[in-house]
Amino acid sequence: MATDTFIKLNPIFINPNRFNLRECSNLSPKSISSLSCISPRLISCSHVNPRTLIYGENDNILFPKKKIPSMIRCQTSLGIGRNQKWWEKELKPNMKSVTSPQDLVDSLLNAGDKLVVVDFFSPGCGGCKALHPKICKIAEKNPEVEFLQVNYEEQRSLCQSLHVHVLPFFRFYRGSSGRVCSFSCTNATINKFKEALEKHGREQCSIGKTKGLEEKELVAMATNKDLSFDYKPKNNEVNREIKENDTIIQRSPTSKEQDEKRSLVISPAGIV
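Each chain carries its own residue numbering, running from 1 in the written order of its sequence. A pLDDT threshold of at least 70 governs which residues receive local features in this predicted model, and a stricter bar of 80 or more applies before side-chain atom pairs are shown or counted, although totals over entire chains, interfaces and linings include all residues. Side-chain measures were taken over the full set of non-hydrogen atoms in the model, leaving aside hydrogen atoms and water.

A. Looking closely at the packing of aromatic side chains. When the centres of two rings from Phe, Tyr and Trp lie within 6.5 Å, Trp using its six-membered ring, the rings pair. Their planes under 30 degrees apart give stacked, over 60 give edge-to-face, and anything left gives tilted. Tallied over the entire structure, the rule returns nine aromatic pairs. Seen in terms of ring centroids, W86 and W87 are 5.4 Å apart; in terms of plane orientation they differ by 90°. Their pairing is edge-to-face. With 5.0 Å between their ring centres and 70° between their planes, F170 and F193 make a pair best called edge-to-face. A residue pair is termed long-range when its members are at least 10 positions apart, and F170 in strand β8 (residues 169-174) and F193 in helix α5 (residues 190-200) qualify at 23 residues. We note that F170, like F193, is buried. Cluster of aromatic residues (ring-pair linked, three or more members): F170, F172, F183 and F193. Secondary structure follows DSSP: runs of H or I at least 4 residues long count as helices, runs of E at least 2 residues long count as strands, and numbering of each begins at the N terminus. The cut-offs for exposure are 20% and 50% of the maximum accessible area for each residue type, with area from a 1.4 Å probe on protein chains only; residues under the lower value are buried, those over the upper are exposed, and the others partly exposed.

B. Highlighting the pairing of β8. Within β8, six of the six residues are buried, which leaves the element mostly enclosed by the surrounding structure. Of the two faces of β8, the one carrying F169, R171 and Y173 and the one carrying F170, F172 and R174 are both buried. Any two strands with at least two DSSP bridges between them are considered paired. Bridge count between strand β5 (residues 115-121) and β8: six bridges; the pairing is antiparallel. In the sheet register, L115 faces β8, and the bridge partner there is R174. Pairing of β8 with strand β9 (residues 178-184) involves six bridges; the strand directions are antiparallel. Its bridge partner being in β9, R174 is matched across the sheet by G178. Here β8 hands over to β9 after three residues, with G175 in that stretch at a positive phi of 45°.

C. Region of the structure containing the confidence of the model for the chain. In the predicted model, the chain carries a mean pLDDT of 74, and the fraction of residues at 70 or more is 56%. Per-residue pLDDT stays below 50 along residues 21-67; that stretch engages in 77 contacts with residues further than four places along the chain or on separate chains. A residue's pLDDT is the confidence the predictor assigns to it, expressed on a 0 to 100 scale. Contacts are assigned to residue pairs that have any heavy atoms within 4.5 Å of one another.

D. Broad picture of the environment of L158. Along the chain, L158 falls in helix α4 (residues 156-161). Considering only alpha carbons, one finds L158 and L227, 69 residues apart in sequence, at a separation of 7.2 Å. Among all residues touching L158, those that are not within four sequence positions of it are V98, P101, L104, V150, M221 and L227.

E. Representation of the environment of F193 in the model. With relative accessibility at 0%, the residue F193 sits in the buried group. In this structure, the C-alpha to C-alpha distance between F193 and S182, residues 11 residues apart in sequence, is 9.8 Å. Sequence-distant contacts of F193, defined by excluding residues within four places in its chain, comprise V117, I135, I138, F147, F170, F172, F183 and C185.

F. The arrangement of the sheet that holds β9 in detail. Reading across the sheet, the five strands line up as β4-β6-β5-β8-β9 and stay open at both edges, with mixed pairing between neighbours. The sheet is open, and its two borders are formed by β4 (95-97) and β9, each paired with just one other strand. Sheet twist, expressed as the mean angle between neighbouring strand axes with direction ignored, is 20°. The convention used is that axes are lines fitted to C-alpha atoms, helices contributing only their stretch in contact, and that angles between N-to-C directions extend from 0 to 180 degrees. Contacts from α5 reach β5, β6 (146-151), β8 and β9 within the one sheet, and its direction differs from that of β9 by about 165°.

Rendered as structure tokens:
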């Protein structure tokens, strides 16, 4: 999408030795044309030469000799992809980001008999970043498999409700079987991922409804005050367990215990 930005320049005060275009530093010009006498071909998308603007090297003089203000029109693009994050690069059509707990639940249920791989990652995880290009290539070679990305930093409460404390981490879901496997792997142990994909990615038909997340996981998300997710347990045993947990009075955990509970183990590749 392109937009027009108008900048007012007064040639009286322009000094070629001190001239700069800070006002245009945040723009990505596709083309710049003058409403007076500026030649559009003098302006490039990536570089603007101040002396060219003032003196019009190898072309007509850019600014009129009369002491009147000039207006230039900058047609800019939004620069989509210029600041693209590493986890947004090389994505394939069968890869999508999870935006909420409900989005995760719906994506798993709507997948039917398809194999679904849920990829838990963190922007600051070096192992996640190194592994991402390989996962994208695997997704490209297996278009029948759905890949869901869960950003730990954006969905921290969701990950904690699902007991995800190690990154990078993967969970495989399929049809009425629900979760068929889960593990953590890095670039060095990518064969573990490939073996799981080979084992559970074979075409098959499930008997029964698609399961998706487990009952306890759904309940954990519903009881998490930081999440906006509604769910009524269907299992009486789960209801009984929730009531028992509510009636038990436990001692307040120390700050050290709270830190251990909330700790996140990141791959040996370290933080980028």
